[in-house]
Amino acid sequence: MLHSSTRVAKIIAACATPLAVVAAGSMVWHASYAAFTGQTRNAGNDWSTGSVALTDDDKGGAMFQVSNMLPGDTQTRCITVTANASVPGTVKGYAVNPTFSSSVLSNHILVTVLEGSGGSFQDCTGFTSQGTIAQGVPLATFAQASNYANGIGNWAVAAGTQTRTYQVTWKFDTTGMTQSDIDGLQGAHAGIDMQWELQSS
C-alpha cells in the first residue's frame with residue numbers, strides 16, 4: 001500500500017510541473033498587455049550652419065599698376081564684388097600688406113572710393129554711384145583701416161546673391177609741397193592690397 005501511494009505522488013508531481021509552467025506563462029502574457037499605451041513623436045530635428053562667400057571679378061589682376069607716375073596724375077578703375085550668403089551680413093573694405101618706401105608719397109596719393117552698380121573690373125562704363133565711402137583720403141590714412149573692425153563701407157547683404165561695384169580713384173596731389181620736396185619723391189614707391197570682407201550679422 002505504501003508503494004502504491006508513492007507512485008501516485010510521483011505521477012501527481014510530474015503532471016503539476018507542466019501545468020505550473022503554462023500557468024506562469026499565461027500570467028506573463030496577461031501582464032505584458034495589461035496597460036493602455038499612447039505615443040507621439042516630433043521627427044526630423046536637424047541643425048546646420050549658414051554660409052557666407054565673397055568673390056570679385058579681378059581674375060587675379062591688380063586694379064592699379066602705375067609706373068613713372070608724375071605729380072597731378074590721376075586714374076579711376078572699378079571692381080565688382082559678389083556676395084553669396086545663406087544668412088544676412090555686412091561687407092566692409094580695408095587695406096592689407098602696405099609697402100611704403102616713402103611716408104611722404106603715401107600721404108600725397110589721395111584715394112576716393114564710391115560704391116554703386118554697373119561697371120566691371122578696371123572698366124567703370126555704366127557705373128552708377130549710390131554713395132561715397134572715402135573722399136580724398138591719403139593712402140597712408142586709408143592703410144590704417146587694416147581690418148574688418150575699422151574697415152570702410154557698410155554694405156548690408158541679405159541672404160542670397162548680390163553684387164556691388166566699387167569705383168576707386170587715386171590722385172598724386174603735390175599741393176602745398178615745395179619743389180625740393182617734390183623732387184625728393186623721385187623713385188619712391190607705395191602699395192597696398194585692397195580687401196573686402198563679409199561677416200554674418
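Residues numbered from 1 in each chain as written. Predicted model: local features only at pLDDT ≥ 70, side-chain atom pairs only at ≥ 80, totals over all residues. Heavy atoms only, no water.

Colleague: Report on the side chain of H108, specifying residues and quantitative values.
Modeller: Checked against the element boundaries, H108 lands in the loop between α2 (103–106) and β4 (109–117). Overall, the relative accessible area of 19% leaves H108 in the buried class. With residues near it in sequence (within four places) discarded, H108 still touches K171, F172, D173, T174, T175 and M177. (Helix = DSSP H or I, 4+ residues; strand = E, 2+ residues; numbered from the N terminus. Buried < 20%, exposed > 50% of the residue type's maximum accessible area, 1.4 Å probe, protein only. Contact = heavy atoms within 4.5 Å.)

Colleague: Outline the state of the cysteines, supporting the account with residue identities and numerical values.
Modeller: Under the defined criterion, the tally for this structure stands at one disulfide. Note that C78 is cross-linked by a disulfide to C124, the S-S spacing being 2.1 Å. Disulfide C78-C124: torsion about the S-S bond near 115°, hence right-handed. With C78 in strand β2 (residues 74–85) and C124 in the loop between β4 and β5 (128–138), this residue pair connects regions lying 46 residues apart in the sequence. Take C78 and C124: they sit in the same class, and that class is buried. (Disulfide = S-S within 2.5 Å.)

Colleague: Any details on the sheet that holds strand β7 (residues 160–172)? Residues and values, ideally.
Modeller: Here five strands make up an open sheet; going across it, the order is β1-β2-β7-β4-β5 and the pairing antiparallel. With one partner strand each, in any of the chains shown, β1 (52–56) and β5 form the two edges of the open sheet. This sheet shows a mean twist of 20° between the axes of neighbouring strands, independent of strand direction. Where β1 meets β2, five bridges bridge the pair, whose relative direction is antiparallel. By the bridge assignment, T55 is partnered in β2 with T82. (Pairing = 2+ DSSP bridges. Axes fitted to C-alpha atoms, helices over the stretch in contact; angles between N-to-C directions.)

Colleague: Just give me the short version of the packing of aromatic side chains, but keep the residues and values in it.
Modeller: With the rule as written, the count across this model stands at one aromatic pair. Taken together, a centroid distance of 5.0 Å and an interplanar angle of 35° make the contact between Y166 and W196 tilted. Of this pair, Y166 sits in strand β7 while W196 is found in strand β8 (residues 190–200), placing the two residues 30 residues apart along the sequence. Residue classification places Y166 among the buried residues on the basis of a relative accessible area of 2%. Across the ring face of Y148, the terminal group of K92 is positioned such that the distance to the ring centre comes to 5.0 Å. (Phe/Tyr/Trp six-rings, centres within 6.5 Å; stacked < 30°, edge-to-face > 60°. Lys NZ or Arg CZ within 6 Å of the ring centre and 35° of its normal.)

Colleague: Just give me the short version of the pairing of β2, but keep the residues and values in it.
Modeller: Pairing geometry for β2 and β7, over twelve bridges, is antiparallel. Bridge pairing in β7 places N84 opposite T161.

Colleague: Help me get a handle on the sheet that holds strand β6 (residues 152–157), residues and values and all.
Modeller: Strand order in the open sheet formed by three strands is β6-β3-β8, and the pairing between neighbours is antiparallel. Looking at which strands have only one partner, the edges of the open sheet turn out to be β6 and β8. For this sheet, the mean inter-axis angle between neighbouring strands, taken without regard to orientation, is 25°. As judged from the ten bridges shared by strand β3 (residues 89–100) and β8, these two strands associate in the antiparallel manner. Along β8, the bridge assignment pairs F100 with A190.

Colleague: Hey, could you go over the confidence of the model for the protein chain for me, with residue numbers and the actual values?
Modeller: Detailed reading of the predicted coordinates is not advisable wherever pLDDT is low. Averaged over every residue, the pLDDT of the protein chain is 88; residues scoring 70 or more account for 84%. Below a pLDDT of 50 lies the segment residues 19–24, which in the model reaches zero contacts outside its immediate sequence neighbourhood of four places, other chains included. (pLDDT = per-residue confidence, 0-100.)

Colleague: Can you break down the environment of I182 residue by residue, with the values?
Modeller: Relative to the elements of secondary structure, I182 occurs in helix α4 (residues 179–183). A sequence separation of 77 residues divides I182 from L105, and the C-alpha atoms of the two residues are 9.1 Å apart. Apart from the residues within four sequence positions on either side, I182 is in contact with P71, T174 and M177.

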